[in-house]
Amino acid sequence: MASLKRDDVKQKWEESEFPLVCETCLGDNPYVRMTKEPFGKACKICETPFTVFAWQAGTKGRLKRVEICKNCARTKNVCQVCIFDLQYGLPVQLRDKILAENGSKNSVALVPQSGANQSWYAQQQALAIEQGTAGVVAGEAAHLKLQEVARMQPRYERNLAKLCTFFARGE
């Protein structure tokens, strides 16, 4: 494993011991058995390879898998699995819309599309995380509006297996 970090490109790859997930995604069972696959997938936001975790969410839940890297999740303050906001329990698109409507436009960051800009952006976000300045900052009006619509109780029904549409139609 020592040779992996010698390459400059691979030094930016993410290695972690535990995912950043919400209570709903962990499930109702307090004993979770996870599998870990180092550098198993590329992040859907920044395209950096990261450690993939998979587990069964609860006693009747389906298999959950990490979709984005921990740096992107920390920067946006979201769950790595469901991409819901960790503070308010809302989808990120709704949270960003409320922030933009209530004057917190600078808190919604766009990720660059080109490779060089993506690596620079990821490096800047990692630096901001180390310094403790990363994350979404909501104004007072936005915070009050987000508190109104927040869903903080775990919703374990999201973990259940999806019903097959062919079975539902009787085919």
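This text goes with the structure placed above it.
Residues numbered from 1 in each chain as written. Predicted model: local features only at pLDDT ≥ 70, side-chain atom pairs only at ≥ 80, totals over all residues. Heavy atoms only, no water.

Caption draft 1: Focus on the pattern of salt bridges. Within the structure shown, the criterion is met by five salt bridges. A salt bridge links K41 to E67, with the nearest nitrogen and oxygen atoms 3.0 Å apart. With K41 in strand β1 (residues 35-42) and E67 in the loop between β3 (63-65) and α3 (70-76), this residue pair connects regions lying 26 residues apart in the sequence. Looking at K41, the relative accessible area reads 26%, which means it is partly exposed. Within this structure, K41, K44 and E67 form a network of salt bridges that share partners. (Salt bridge = Lys/Arg side-chain N within 4 Å of Asp/Glu carboxyl O. Helix = DSSP H or I, 4+ residues; strand = E, 2+ residues; numbered from the N terminus. Buried < 20%, exposed > 50% of the residue type's maximum accessible area, 1.4 Å probe, protein only.)

Caption draft 2: Just the pairing of strand β2 (residues 49-56), in detail. Where burial is concerned, most of β2 is hidden: seven out of the eight residues are buried. Across five bridges, β1 lies against β2 in antiparallel orientation. Opposite K36, over in β2, you have F53 as the bridge partner. As defined by bridge partners, β2 adjoins β3 across three bridges and the pair is classed as antiparallel. Bridged to W55 within β3 is K64. In textbook terms, the turn of a hairpin is the stretch between consecutive antiparallel strands, and for β2 and β3 this stretch comprises six residues, one of which, G58, has a positive phi near 85°. (Pairing = 2+ DSSP bridges.)

Caption draft 3: Representation of helix α4 (residues 92-101) within the structure. Those residues of α4 that fall on the buried side of the exposure criterion are V92, R95, D96, I98 and L99. Taken around the axis of α4, the buried residues stretch over an arc of 160°, which confines them to a single face. Turned more than 90 degrees away from the buried face of α4, the exposed residues are Q93, K97 and E101. Considering only its buried residues, α4 is in contact with α3 and α6 (140-149). (Arc of directions from axis to C-beta. Contact = heavy atoms within 4.5 Å.)

Caption draft 4: Spotlight on the side chain of K64. Checked against the element boundaries, K64 lands in strand β3. No salt bridge is formed by the buried K64, whose closest oppositely charged neighbour, E67, lies at an N-O distance of 9.1 Å. (Lys, Arg positive; Asp, Glu negative; His and termini not counted.)

Caption draft 5: Local environment of the environment of R151. Among the structural elements, R151 can be located in the loop between α6 and α7 (165-169). A sequence separation of 64 residues divides R151 from Q87, and the C-alpha atoms of the two residues are 9.3 Å apart. Apart from residues lying up to four places away in sequence, R151 is in contact with F84, Y88, G89, L90 and P91.

Caption draft 6: Geometry of helix α5 (residues 115-131). A rise of 1.5 Å per residue sets the reference length of α5, with its 17 residues, at 24 Å; its end C-alpha atoms lie 24 Å apart and thus fit the reference within 8%. For α5, the full list of buried residues reads Q118, Y121, Q125 and A128. Buried residues of α5 fall within an arc of 90° about the axis and therefore sit on the same side. Along α5, exposed side chains directed more than 90 degrees from the buried face belong to G115, A116, W120, E130 and Q131. Of the surrounding secondary structure, the elements contacted by the buried residues of α5 are α3. (Expected span 1.5 Å × (residues − 1).)

Limitation: the analysis is restricted to geometry and does not speak to function.
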